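Descriptive structure summary
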Protein chains: 2
Amino acid sequence: MTEAVAVPVAGIEPAGDPIYATDYVKEILRQTRALDSYGMWEGKPVEKILAPYVLTKEQRRAIPVIGDPDDVLISRVKAFHNAIAVLIEKECGLMAVPFVQLTHEGFGRALIVVGKLVVMDRTLRDVHRFGFDSLSKMKSESDKYLSVALEIIGKHPDVAGM
Amino acid sequence: MTEAVAVPVAGIEPAGDPIYATDYVKEILRQTRALDSYGMWEGKPVEKILAPYVLTKEQRRAIPVIGDPDDVLISRVKAFHNAIAVLIEKECGLMAVPFVQLTHEGFGRALIVVGKLVVMDRTLRDVHRFGFDSLSKMKSESDKYLSVALEIIGKHPDVAGM
């Protein structure tokens, strides 16, 4: 008889990894659940819920970038930017509003606005392939946007409404 | 035998009205044609193409605000904000980027961004009932947004990228 072991999900950090204890991962989890309009994630473990954010380079390359990305993928792109907005809000104490506008074929733009100040402005390309090497990479990318946003707010506090 | 006369479209200014010669109406026409993905407006006269923007108060009230607004209506909401962005761009010489984000049931937000500056920020409600008493009213509402935008740019030229 073989013992039942948790099957690791390819790419993503295994259950129990310290990344799951970070505020960032808690926030992205909360955002992902908030946009779960189909109830896909009810009762699922964290590493399963967050698994779709983690893709190897090979997996990304294998995804065709034709047609419009589906709703579930778009909700992940939104959750990612919503989480950044929440982090900005926590740091600066001002409301940060995320906008994700997708045009056709996986192109688009993501904005985060604080007061009258645009604190993040990203062109999105190949949204079909949206994903990160690991949760830790995802967190560090978000941290980068956060620090740039805080720098912009620091330069123009009046426009941000401080 | 009765003579063929142009049937006037209810509410909208009749063909030949000076409003059709304004830059604003030319721009909104251009934007409406640009978003005409179904080819509805090919070969149609201007006052027919712009007629859906003009609704009497009674017509507006009669439209139910349930469910998500349809694509053709959304394209009018976008054309309206795109035209304002073009006007801003013409006045200040900087690129103005419009964002229209609709959530559910006809609620949403419209933004226009110049550099890192939000020069227009509007909450949209009851988008189903999007319409104006006349083209002239539509133009004056746009002119209002334009002047507020230019004022904001005047206050924060560095953030706008001047």
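A brief structural summary. Each residue is numbered by its place in its chain's sequence as written, counting from 1. Each chain gets a letter, beginning with A, and each ligand a number, beginning with 1, in the order they are written. Given that the model is predicted, a residue must reach a pLDDT of at least 70 before its local features are reported, and side-chain atom pairs must reach 80 or more before they are shown or counted; all residues, however, enter totals for whole chains, interfaces and linings. To get the side-chain values, all heavy atoms of the structure are used, and hydrogens and water are removed first.

Side note on the side chain of Glu13 of chain B
All names here are of chain B. For clarity, the cut-off: A run of DSSP states H or I qualifies as a helix once it reaches four residues; a run of E qualifies as a strand once it reaches two. Both are numbered from the N-terminal end. For the exposure calls, accessible area comes from a 1.4 Å probe over protein chains only, and a residue counts as buried if that area is under 20% of its type's maximum, exposed if over 50%, partly exposed in between. Positive charges are assigned to Lys and Arg, negative charges to Asp and Glu, while His and the chain termini are left out of the count. Whenever a carboxyl oxygen of Asp or Glu lies within 4 Å of a side-chain nitrogen of Lys or Arg, that contact is scored as a salt bridge. Polar contacts, as counted here, are pairs of nitrogen or oxygen atoms within 3.5 Å of one another; within protein the pair requires one atom able to donate a hydrogen and one able to accept it, and residues that are adjacent in sequence qualify only if both atoms are side-chain atoms. By definition, residues are in contact when any of their heavy atoms lie within 4.5 Å.
Relative to the elements of secondary structure, Glu13 occurs in the segment before helix H1 (23–34). The charged side chain of Glu13 is buried without a salt bridge, its nearest counter-charge being Lys137 at 9.0 Å. A polar contact is formed between the side chain of Glu13 and the backbone nitrogen of Leu135, at a distance of 3.0 Å. Within the structure, Glu13 has its side chain in polar contact with the backbone nitrogen of Ser136 (distance 2.9 Å). Ignoring sequence-local partners within four residues, the contact set of Glu13 consists of Ile19, Tyr20, Glu47, Ser134, Leu135 and Ser136.

Digging into the relation of the copies chain A and chain B
To keep it simple, the criterion reads: Our superposition of the copies is a least-squares fit, built on the C-alpha atoms of residues whose pLDDT is at least 70 in both.
For the match of chain A to chain B, the screw axis carries a shift of 0.0 Å, the RMSD comes to 0.0 Å, and the turn is 180°. Seen this way, the second copy is the image of the first under a two-fold rotation axis. The rotation axis passes nearest to the C-alpha of Leu117 of chain A in chain A, at a distance of 2.6 Å. Comparing contact sets, 100% of the residues at the interface of chain A also lie at the interface in chain B, consistent with an isologous, same-surface contact.

Quick look at the interface of chain A and chain B
Heads up, the rule is: Once two parts are joined, some of their accessible surface, as seen by a 1.4 Å probe, is lost; buried area is that loss totalled over both.
Listed as interface residues are 15 residues of chain A and, on the opposing side, 15 residues of chain B. Taking both partners together, chain A and chain B bury about 1,500 Å²; carbon and sulfur atoms supply 65% of that area. The largest contributions to the chain A side of the interface with chain B come from Phe99, Gln101 and Lys116 of chain A, which together make up 39% of the buried area. Where chain A meets chain B, there are zero salt bridges. Elements that contribute at least two residues to the side of chain A that touches chain B include exactly strand E1 (96–102), strand E2 (108–114), strand E3 (117–124) and helix H6 (157–160) of chain A. Top element by residues in the side of chain A that touches chain B is E1 of chain A. It accounts for five residues.

A short note on the packing of aromatic side chains
All names here are of chain A. Counted only if it meets this: The rule is short: rings of Phe, Tyr and Trp, with Trp giving its six-membered ring, pair when the centres are within 6.5 Å, and they are stacked under 30 degrees, edge-to-face over 60, tilted in between.
Applying the stated rule across the entire model yields six aromatic pairs over all chains. Between Phe130 and Phe132, the ring centres sit 5.3 Å apart and the planes meet at 85°, which makes this aromatic pair edge-to-face. The same class applies to Phe130 and to Phe132, which are both buried. Through a chain of ring-to-ring contacts, three or more aromatic side chains come together here, namely Phe80, Phe130 and Phe132.

Some points on the pairing of strand E2 (residues 108–114) of chain B
Residue and element names in this part refer to chain B. Our working definition: One requirement defines pairing of two strands: DSSP has to find at least two bridges between them.
Counted residue by residue, E2 has six buried out of seven residues, so it is predominantly covered. Relative to E2, strand E1 (residues 96–102) runs antiparallel, the two sharing seven bridges. Of the residues in E2, the one forming a bridge with Val100 is Ala110. Connecting E1 to the antiparallel partner E2 that follows it, the hairpin turn spans five residues, and Glu105 within it adopts a positive phi of roughly 60°. Pairing of E2 with strand E3 (residues 117–124) involves seven bridges; the strand directions are antiparallel. If you follow Val113 over to E3, its bridge partner there is Val118. Between E2 and the antiparallel strand that follows it, E3, lie two residues; Gly115 among them carries a positive phi value of about 60°.

Some details on the packing of H1 of chain B against helix H4 (residues 71–92) of chain B
All names here are of chain B. What counts, and what does not: Fitted lines through C-alpha atoms give the axes, limited to the stretch in contact for helices. The angle between two N-to-C directions lies from 0 to 180 degrees. Here is the rule for angles: anything less than 35 degrees is roughly parallel, anything more than 145 is roughly antiparallel, 65 through 115 is roughly perpendicular, and the remaining ranges are oblique. Each crossing is labelled by how the near helix is turned from the far one, with a counterclockwise turn of less than a right angle marking it left-handed and a clockwise turn marking it right-handed. When residues are sorted by character, Ala, Val, Leu, Ile, Met, Phe, Trp, Tyr, Cys and Pro go into the nonpolar class, Asp, Glu, Lys and Arg into the charged class, and all the rest, Gly among them, into the polar class.
Packing of H1 against H4 brings their axes to within 9 Å, and their N-to-C directions diverge by 130°. When the interaxial angle is binned, H1 and H4 end up oblique. In this structure, H1 crosses over H4, and the sense of that crossing is right-handed. Across from Tyr24, Glu27, Ile28, Arg30, Gln31 and Thr32 in H1, the residues of H4 making contact are Ala79, Phe80, Asn82, Ala83, Val86, Leu87 and Lys90. The residue inventory of the contact of H1 with H4, partitioned by class, reads seven nonpolar, three polar and three charged.

Describing the environment of Pro52 of chain A
Residues and elements named next belong to chain A. By secondary structure assignment, the location of Pro52 is in the loop between helix H2 (46–49) and helix H3 (57–62). For Pro52, a relative accessible area of 22% corresponds to the partly exposed category. C-alpha of Pro52 to C-alpha of Arg76: the two residues are 24 residues apart in sequence and 8.4 Å apart in space. Aside from chain neighbours lying at most four places away, what touches Pro52 is Trp41, Arg76 and Phe130.

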